[in-house]
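# Summary of structural features
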Amino acid sequence: MIFHVIGITDDTLPFFTPQVREVIRSGRVFSGGKRHHEIVAPLLPEGAEWIDITAPVTEVITRYRAPETVVFASGDPLFFGFANTLRRLLPEAEIKVYPTFNSLQTLAHRLVMPYHDMHIVSLTGRPWPLFDRALIERQPKIGVLTDRHHSPAAIAERMLLYGYVDYAMHVGEHLGHPAEERVTTLSLAEAARREWQQPCCVILTATRQHPRRCGLPDAEFALLDGRERMITKMPIRLLTLQALQPYRREVLWDVGFCTGSVSVEARLMFPHLTVVAFEVRPECDALIHANARHFGTPGITVRMGDVTEVPLDDLPLPDAIFIGGHGGRLKEIMARLLPLLADGGCMVMNSVSANSRQLFEEACTRLHLTMEQPLRVSINDYNTIEILKCTKQQS
């Protein structure tokens, strides 16, 4: 099977090179979105068959049976485009691509903005994590592909909620369409109040640079009932993260998060990390969200309830677990979480008593976990803390 994938814009009178015009003239089976069909219908040969690309795409793929199919796709078909879908679902097919400018390139051209340094994120049919990561990394120029759920207004609202206010937003609607194209530059607050037309894309440019933070001051956290001792202190927090080795991990579970200080610090220092936080005390739910907003760490998944009882099968599985609180049920918690922990993953706990250390050691022995040498730390007039760590061996 051969696919000729032709990139087009929203221009109602598209320009094609002689080579592309010949591909269209000699084609018999064509495919694309409904919008693409409206644009190219006058150019198709008489008797042409058209296959609409609609969700689910896997069903569309089963309709491709002709030896050659001409597919129309938006912009550059290899830029988050349909050519990638064909490569993934039909790896044996021959694919020939005839690109045009993608929407972010076109928007940059309209703005006369260099785009070689742009960080690209697609929110088209995708969730927020990669966009959140770009914010936490303080990327100075972010290009965003949108959809109706992740509109410019929704993007602006999320940025304002987490304190990323020092960006200007540039929005391109119906780029390439001679009558409907609109390019707008405005503040996030203005963007959040507007209604936007699809298709559109966004470029965010920082109006001021902020350094990324490390070692968040304890005094800036909202605390449980104002109790200073109910937070993992900053030096301990950093040593705990060092033990968890988040730079080489993908998913961290924070069990018994209380204020969420470990989750927030981990997310801020290691934006690639997926963080899931658990807590039984309902009053802590508001705390972690308040602290995440204050420090600018979107994307922490919060699961309220007893970690030994709540459903876990819908969550990304951890390769690192921090046990910040266990309510005397440490062995039960470790036994529940061990089958979910990736091979080579670790569990870390901060112990303030000989009893909790003994429980940890006994659990490690029973579960065949390899325990590392504890690290003893004393800070000011606080109790000495031991940072305990164990590792699950490779199967």
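So, here's what we can say about the structure. The model shown is predicted, which means the values in this text are computed figures rather than measured ones.

### Some thoughts on the sheet that holds strand S1 (residues 2-8)
What the 5 strands build is an open sheet, ordered S3-S2-S4-S1-S5; its pairing is parallel. In this open sheet, the two strands that pair with only one neighbour each are strand S3 (49-52) and strand S5 (94-98). The mean angle between the axes of side-by-side strands here comes to 25°, regardless of whether they run parallel or antiparallel. Where strand S2 (residues 29-32) meets strand S4 (residues 68-74), 2 bridges bridge the pair, whose relative direction is parallel. Directly across from Phe30, in S4, lies its bridge partner Val70. Lying over the sheet, helix H1 (residues 18-26) contacts S1, S2, S4 and S5, oriented at roughly 125° with respect to S1. Together, S1, S4 and S5 form the strand contacts of helix H4 (residues 82-89), whose direction differs from that of S5 by roughly 175°.

### Some words on the nonpolar core
Side chains that are nonpolar tend, in soluble globular proteins, to be buried together. Judged by nonpolar contacts, the single largest core of 59 residues is most densely connected at Phe131, Ile155, Met159, Met169 and Leu204. With near-sequence residues (within four places) excluded, Phe131 lies in contact with Val121, Leu123, Val144, Ile155, Met159 and Leu204. In terms of nonpolar packing, the next biggest core, distinct from the first, is built from 27 residues, Phe278, Leu337, Phe360 and Leu369 among them.

### Regarding the sheet that holds strand S6 (residues 119-122)
Read from one edge of the open sheet, 5 strands run S6-S7-S10-S8-S9, paired in mixed fashion. In this open sheet, the two edge strands, each paired with only one partner strand, are S6 and strand S9 (182-187). Each adjacent strand pair in this sheet contributes to an overall mean axis angle of 20°, direction not counted. Here 5 bridges tie strand S7 (residues 141-145) to strand S10 (residues 200-206), and the two strands are oriented antiparallel to one another. Bridging across to S10, Leu145 finds its partner in Cys201. The strands touched by helix H5 (residues 103-111) are S6, S7, strand S8 (167-173), S9 and S10; relative to S10, the strand with the most contacts, the crossing angle is about 55°. In this fold helix H7 (residues 152-161) packs onto S7, S8 and S10, with an angle of close to 170° to the strand it touches most, S8.

### Thoughts on the pattern of salt bridges
Across all of its chains, the model carries 23 salt bridges by this definition. Between Arg376 and Glu386 there is a salt bridge, with the nearest N and O atoms lying 3.6 Å from each other. With Arg376 in strand S17 (residues 375-377) and Glu386 in strand S18 (residues 385-391), this residue pair connects regions lying 10 residues apart in the sequence. Among the residues examined, Arg376 registers a relative accessible area of 59% and is labelled exposed. For Glu386, a relative accessible area of 8% translates into the label buried.

### Details of the environment of Cys201
Tracing the backbone shows Cys201 in strand S10. In sequence terms Cys201 and Val183 are 18 residues apart; their C-alpha atoms lie 9.8 Å from each other. When residues no more than four places from it in sequence are discounted, the contact partners of Cys201 are Ser103, Leu104, Leu107, Val144, Leu145, Thr146, His170, Val171, Gly172 and Leu175.

### Brief notes about the layout of surface pockets
The probe, sized like a water molecule, is rolled over the atoms to show the empty space still left. The computed volume of the second largest pocket comes to approximately 950 Å³. When contributions to the lining of the second largest pocket are tallied by element, the ones reaching two or more residues are strand S11 (251-255), helix H10 (261-269), strand S12 (274-279), strand S14 (320-323) and strand S15 (346-351). With 3 residues, the top contributor of residues to the lining of the second largest pocket is S15.

### Regarding unusual backbone geometry
In this structure, the amide linkage connecting Ala55 to the following residue, Pro56, adopts the cis form with an omega of -5°. Looking at where Pro56 falls in the secondary structure, it is placed in the loop between S3 and helix H3 (57-61). Backbone torsion omega between Gln198 and Pro199 reads 5°, so that peptide bond is classified as cis. Checked against the element boundaries, Pro199 lands in the loop between helix H8 (188-192) and S10. Unlike most non-glycine residues, Val112 shows phi in positive territory, near 50°. Along the polypeptide, Val112 turns up in the loop between H5 and S6. At Cys258, a residue that is not glycine, the phi angle is positive and equals roughly 55°.

Definitions and limits used
- Residues numbered from 1 in each chain as written.
- Predicted model: local features only at pLDDT ≥ 70, side-chain atom pairs only at ≥ 80, totals over all residues.
- Heavy atoms only, no water.
- Pairing = 2+ DSSP bridges.
- Helix = DSSP H or I, 4+ residues; strand = E, 2+ residues; numbered from the N terminus.
- Axes fitted to C-alpha atoms, helices over the stretch in contact; angles between N-to-C directions.
- Contact = heavy atoms within 4.5 Å.
- Core = buried A, V, L, I, M, F, W, Y, C linked by side-chain atoms within 4.5 Å.
- Buried < 20%, exposed > 50% of the residue type's maximum accessible area, 1.4 Å probe, protein only.
- Salt bridge = Lys/Arg side-chain N within 4 Å of Asp/Glu carboxyl O.
- 1 Å grid on protein atoms, 1.4 Å probe; cavity = no way out; pocket = protein on both sides within 12 Å on 5 of 7 lines; lining within 4 Å.
- Points joined across faces, edges and corners; volume = space filled by probe spheres on them.

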